[in-house]
Amino acid sequence: MKTGTKLFIAIIGLLLLCAWTIKQRDDIKKTEWLIGTWENKTLKGTIYETWKKISDNELSGMSYIVKDKDTIVFETIRLVQEQEVLFYIPIVKNQNDGLPVRFTAKLISKNQMIFENLQHEFPQIISYTNTDTNTLVAEISGTKNEQERKQTFPMKRVK
């Protein structure tokens, strides 16, 4: 193989690697449809999830329930791009000694996010699906007490 051909192949390889790296670092941008306030009305009260952009690499979320005039925050969340990896990092009240748990992105597209942590007790999978501009479905799933479980939270945008 000629030196020019080897150099050409090396340059193409580097360009492909750079393009892949840039694509991975932009995963956080694909999640910006989440920004705003979402609600799910239940018999126990109205569940809200509010998301805002903190920086080019981070979104911050909070889940809370409003019942009568009481507001109870039960989860804070960070969605963080670290190098090529996107993490969903919740802190849930009365779980895991108040410590954050990291879920790694397995799928990020323009309308769906799936995060996974197979070592976590429950859930092991957290997903969000943007069904249209003003609706989404959040879902937690996995195994608990050796049984498959899934909870679905259909939500509508309010802000």
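Structural data are supplied above this passage.
Rules of the game
Residues numbered from 1 in each chain as written. Predicted model: local features only at pLDDT ≥ 70, side-chain atom pairs only at ≥ 80, totals over all residues. Heavy atoms only, no water. Helix = DSSP H or I, 4+ residues; strand = E, 2+ residues; numbered from the N terminus. Buried < 20%, exposed > 50% of the residue type's maximum accessible area, 1.4 Å probe, protein only. Areas by Shrake-Rupley, 256 points an atom, 1.4 Å probe, with all protein chains shown as cover. Pairing = 2+ DSSP bridges. Salt bridge = Lys/Arg side-chain N within 4 Å of Asp/Glu carboxyl O. Axes fitted to C-alpha atoms, helices over the stretch in contact; angles between N-to-C directions. Contact = heavy atoms within 4.5 Å.

## Describing the overall build of the chain
Across its full length, the chain holds 1 helix and 10 strands. Start at the N end of the chain and walk to the C end: the helices and strands fall as α-β-β-β-β-β-β-β-β-β-β. Expressed as a percentage of its 159 residues, the buried residues of the chain come to 36%. Working note: accessible area of the chain is about 10,400 Å², and carbon and sulfur atoms make up 56% of it.

## Details of the pairing of strand β2 (residues 45–55)
Summarising the sheet, strand β1 (residues 36–42) and β2 pair through 7 bridges and their orientation is antiparallel. By the bridge assignment, Gly36 is partnered in β2 with Trp51. Here β1 folds back onto β2 in antiparallel fashion, the turn holding 2 residues. In this sheet, strand β3 (residues 58–67) lies alongside β2 in antiparallel orientation, the contact comprising 9 bridges.

## Looking at the pattern of salt bridges
Applying the stated criterion to the full structure yields 6 salt bridges. Lys29 is paired through a salt bridge with Asp26; the nearest N and O atoms lie 3.7 Å apart. Across the pair Arg78 and Glu58 runs a salt bridge whose closest N-O atoms are separated by 2.8 Å. Pair noted here: Arg78 is in strand β4 (residues 70–82) and Glu58 is in strand β3, with a separation of 20 residues, a long-range link. The exposure class assigned to Arg78 is partly exposed, which follows from its relative accessible area of 37%. Salt bridges sharing common partners tie together Glu32, Lys53 and Asp56.

## Some words on unusual backbone geometry
Cis geometry marks the peptide bond from Phe122 to Pro123, where omega comes out at -5°. Examined against the element boundaries, Pro123 turns out to sit in the loop between β7 (112–116) and β8 (125–132). Here Asn145, not a glycine, exhibits a phi torsion of approximately 50°, which is positive. Looking at where Asn145 falls in the secondary structure, it is placed in the loop between β9 (135–144) and β10 (147–157). In this structure, Glu146 takes a positive phi of about 65° despite not being glycine.

## So, the sheet that holds strand β5 (residues 85–92)
Here we have 10 strands rolled up into a closed barrel, ordered β1-β2-β3-β4-β5-β6-β7-β8-β9-β10, and antiparallel in their pairing. Averaged over all adjacent pairs, the angle separating strand axes in this sheet is 25°, with direction ignored. Two elements, β1 and β10, share 2 bridges in a ladder whose sense is antiparallel. Within β10, the position partnered with Glu39 by the bridge is Lys156.

## Quick word on the environment of Phe115
Within the element layout of this structure, Phe115 appears in strand β7. The spacing of Phe115 and Phe103 is 12 residues in sequence and 5.3 Å in space, taken between C-alpha atoms. With sequence-adjacent residues up to four places away left out, Phe115 is seen in contact with Leu79, Leu86, Phe87, Tyr88, Phe103, Thr104, Ala105, Lys106, Ile108, Gln124, Ile125 and Ile126.

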